[in-house]
Amino acid sequence: MKEDILEQVVEDWYVSQPGWFVKHNIKYRPNQNRADYISLLDSVHSDIDILAYSSVNQTPDNVHVISCKSWQGGLRLKNLYDIIEKGDKHEKWKSFRELVSDKWIEAFINTIEDETGQRNFSYKIAVTKLYDPNNSYRNKIVTNTKVIQRFKKYNSDIKIDFIELKDVVSDTIKRLNLKDTPSVEMTDVGRLLQLINAAGMNITSN
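Remember, it's a predicted structure, so these values are computed and weren't measured experimentally.

With that settled, the discussion passes to the overall build of the protein. Counting secondary structure elements, the protein contains nine helices and seven strands. Radius of gyration (C-alpha) of the protein: 18 Å, near the 17 Å computed for a compact globule of 206 residues. Taking the principal axes of the C-alpha coordinates as reference, the protein spans close to 60 × 40 × 30 Å. The proportion of buried residues among the 206 residues of the protein is 45%.

Here is the structure:
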């Protein structure tokens, strides 16, 4: 059972697209043999919210690792940038431990390789909305050299990007309107949006 509605929306969005297969809530934690392993802090698993694999895309875009942050206020990109820059010295680093902590990065990459056979992938942060006045921080994050070097240390190339809820909904409605026949959607979220669309209700965003 999926507890987070944003995870369900994003997962359904992926599986509705040709060639994508999805697995969710994959647990991982640091290697106990690392010198910096601390049992009191590192014995509790974290998890990969969604791991999506495409049978048609080319590496590294055939593997998407999605971290879902269904915060009501959205994601403030300045806060994420500060976490990335300060690493595990930042107060809220655990929200993005897989981007800032060496032992968690290593475990994260190894788990992705166990599941997909590759260490290179696209890392997507799915959010209710992005808060980034004047578009000041998005590019600083997706091109951040600190993150790139942290992953290269473990022979991994990472591409960072974002998924906003409004784009998922808009894309789904667009696809529904282009369907040749009104066949019933196979996912819960797709079916809900199909019914809303059929009722003549418009979903718009500012």
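What follows concerns the pattern of salt bridges. Across all of its chains, the model carries 12 salt bridges by this definition. With its nearest N and O atoms 3.3 Å apart, the salt bridge here joins lysine 159 to aspartate 61. Of this pair, lysine 159 sits in strand E7 (residues 158-164) while aspartate 61 sits in the loop between strand E2 (46-54) and strand E3 (63-69), and the two are 98 residues apart along the sequence. By relative accessible area, aspartate 61 is classed as partly exposed at 29%.

Before going further, it helps to spend a moment on unusual backbone geometry. Negative phi values dominate among residues other than glycine, just as trans dominates among peptide bonds. Residue threonine 59 is joined to proline 60 through a cis peptide bond whose omega torsion reads 0°. Among the secondary structure elements, proline 60 is positioned in the loop between E2 and E3. Positioned with a positive phi, asparagine 135 is a non-glycine residue whose angle comes to about 50°. For asparagine 135, a relative accessible area of 68% gives the class exposed. The phi dihedral of asparagine 155 is positive, around 55°, even though this residue is not glycine. Within the secondary structure, asparagine 155 sits in the loop between helix H7 (145-152) and E7. You can call asparagine 155 exposed: its relative accessible area is 62%.

Counting buried residues along E2, seven of its nine residues qualify, which places the element largely inside the surrounding structure. For strand E1 (residues 20-28) and E2, the ladder comprises eight bridges, and the chain directions are antiparallel. By the bridge assignment, lysine 23 is partnered in E2 with leucine 51. Pairing of E2 with E3 involves four bridges; the strand directions are antiparallel. Residue pairing in the sheet places alanine 52 in a bridge with histidine 64 of E3.

So, on to the sheet that holds E1. Spatially, five strands are ordered E1-E2-E3-E5-E7 in an open sheet, and the strand pairing comes out mixed. On the outer flanks of this sheet lie E1 and E7, each paired with one strand and no other. When strand polarity is set aside, the average angle formed by the axes of neighbouring strands in this sheet is 25°. Two elements, E3 and strand E5 (residues 121-127), share six bridges in a ladder whose sense is parallel. For histidine 64, the partnering residue across the bridge sits in E5 and is serine 122.

Before going further, it helps to examine the nonpolar core. Membership of the largest hydrophobic core comes to 34 residues, with the highest contact counts inside it found for Val65, Leu75, Leu80, Phe108, Phe121, Tyr123 and Phe151. Each residue touching phenylalanine 108, except ones within four places of it in the same chain, is listed here: Tyr28, Ile48, Val65, Glu98, Phe121, Tyr123 and Phe151. Trp20, Ile66, Ala126 and Leu176 belong to the second largest nonpolar core, which has 18 residues in total.

On the surface, Ile38, Leu40 and Leu41 cluster together to form a nonpolar patch covering roughly 340 Å² of accessible area. Residue position: isoleucine 38 is located in the loop between E1 and helix H2 (39-42). By relative accessible area, isoleucine 38 is classed as partly exposed at 41%.

What counts and how
Residues numbered from 1 in each chain as written. Predicted model: local features only at pLDDT ≥ 70, side-chain atom pairs only at ≥ 80, totals over all residues. Heavy atoms only, no water. Helix = DSSP H or I, 4+ residues; strand = E, 2+ residues; numbered from the N terminus. Rg over C-alpha atoms; globule rule 2.2 N^0.38 Å. Buried < 20%, exposed > 50% of the residue type's maximum accessible area, 1.4 Å probe, protein only. Salt bridge = Lys/Arg side-chain N within 4 Å of Asp/Glu carboxyl O. Pairing = 2+ DSSP bridges. Axes fitted to C-alpha atoms, helices over the stretch in contact; angles between N-to-C directions. Core = buried A, V, L, I, M, F, W, Y, C linked by side-chain atoms within 4.5 Å. Contact = heavy atoms within 4.5 Å. Patch = residues over 30% accessible without salt bridge, like charges linked within 9 Å, V, L, I, M, F, W, Y side chains within 5 Å. Areas by Shrake-Rupley, 256 points an atom, 1.4 Å probe, with all protein chains shown as cover.

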